[in-house]
Amino acid sequence: MALKRRKQMILDYRAGDDIVAIRDHSQGVFKKGDVFTAVSLQRNGCGCIILVDIGLTSDRPFTKCPVCLMSDEKTDKIWWVDARLFRRLLSRSQEEDLREVLAEVLQEELINLN
């Protein structure tokens, strides 16, 4: 019996970091570009994904995995959100550094193509 390989999820943030939504929430709770603080992170009960607490509350008694659709009983009032919907918010200087590096790489790639 072959084991099903899961796609590995790489997060560029941790608890305490400011994060920005890179996609709209499926239920409209937040929009792409909204900024939050990652309060805490935990793996979903089924193990498929990592969830992030961004300060929202919910009285739902369960969390449903968007990957395998398994329902997981909750013991808190936190509205856990799929961590893949966020990236770490860069400071202005980090953005400028990244922009410069990418410009150099693209310039080198264009030179190599000629």
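My aim in this report is to walk through the structure given alongside it, one point at a time. Counting starts from 1 at the beginning of each chain's written sequence and moves along it residue by residue. Totals for whole chains, interfaces and linings use all residues, but because this is a predicted model, local features are given only for residues with pLDDT of at least 70 and pairs of side-chain atoms are given and counted only at 80 or more. Excluded from the side-chain calculations are hydrogens and water; all other atoms, namely the structure's heavy atoms, are used.

**Here we look at a negative patch on the surface**
The grouping of Glu 96, Asp 97, Glu 100, Glu 104, Glu 108 and Glu 109 at the surface amounts to a negative patch. Numbering goes from the N terminus for both helices and strands, where a helix is a DSSP run of H or I of at least four residues and a strand is a run of E of at least two. Along the chain, Asp 97 turns up in helix H1 (residues 92–113). Relative accessibility decides the category of a residue: with a 1.4 Å probe and only protein chains considered, values under 20% of the type maximum give buried, values over 50% give exposed, and everything between is partly exposed. Classification of Asp 97 by relative accessible area gives partly exposed; the value is 48%. Residues form patches when they are more than 30% accessible in relative terms and have no salt bridge. Like charges link within 9 Å. Nonpolar side chains (Val, Leu, Ile, Met, Phe, Trp, Tyr) link within 5 Å. We get accessible surface area from the Shrake-Rupley algorithm with a probe of 1.4 Å; when it comes to residues, only the shown protein chains can shield them. By definition here, a salt bridge exists when the distance from a side-chain nitrogen of Lys or Arg to a carboxyl oxygen of Asp or Glu is within 4 Å. In this charge count, Lys and Arg are treated as positive and Asp and Glu as negative; neither His nor the chain ends contribute. Charged groups are reduced to one reference atom each: NZ for lysine, CZ for arginine, CG for aspartic acid, CD for glutamic acid.

**Focus on the sheet that holds strand S1 (residues 18–21)**
The strand order S2-S1-S8 describes an open sheet built from 3 strands, whose pairing is antiparallel. Looking at which strands have only one partner, the edges of the open sheet turn out to be strand S2 (35–37) and strand S8 (86–88). Across the sheet, the mean angle separating the axes of adjacent strands is 40° when strand polarity is ignored. A pair of strands counts as paired when DSSP detects no fewer than two bridges linking them. Alignment of S1 against S2, held across 3 bridges, turns out to be antiparallel. Its bridge partner lying in S2, Asp 18 is registered against Thr 37. Only the stretch in contact is used when fitting a helix axis, every axis being a line fitted to C-alpha atoms; angles between N-to-C directions are given from 0 to 180 degrees.

**A word on the pairing of S1**
Where S1 meets S8, 3 bridges bridge the pair, whose relative direction is antiparallel. The residue of S8 that forms the bridge with Ala 21 is Phe 86.

**Notes on the sheet that holds strand S7 (residues 81–82)**
Reading across the sheet, the 3 strands line up as S3-S4-S7 and stay open at both edges, with antiparallel pairing between neighbours. Every other strand in the sheet has two partners, leaving strand S3 (40–43) and S7 as the edge strands with one partner each.

**Side note on the side chain of Asp 82**
Within the secondary structure, Asp 82 is located in strand S7. Exposure remark for Asp 82: the relative accessible area of 12% places this residue in the buried category. Contacts described as polar in this section are N or O atom pairs within 3.5 Å, which, within protein, must combine one atom able to donate a hydrogen with one able to accept it, while residues neighboring in sequence count only if both atoms come from side chains. Engagement of the side chain of Asp 82 in a polar contact is seen with the side chain of Arg 84, the distance being 2.6 Å. Not counting residues within four places of it along the chain, the set of residues in contact with Asp 82 comprises Ile 49, Ile 50, Leu 51 and Pro 66. For this analysis, residues touch if any pair of their heavy atoms sits within 4.5 Å.

Taken by themselves, the reported measurements are silent on function.
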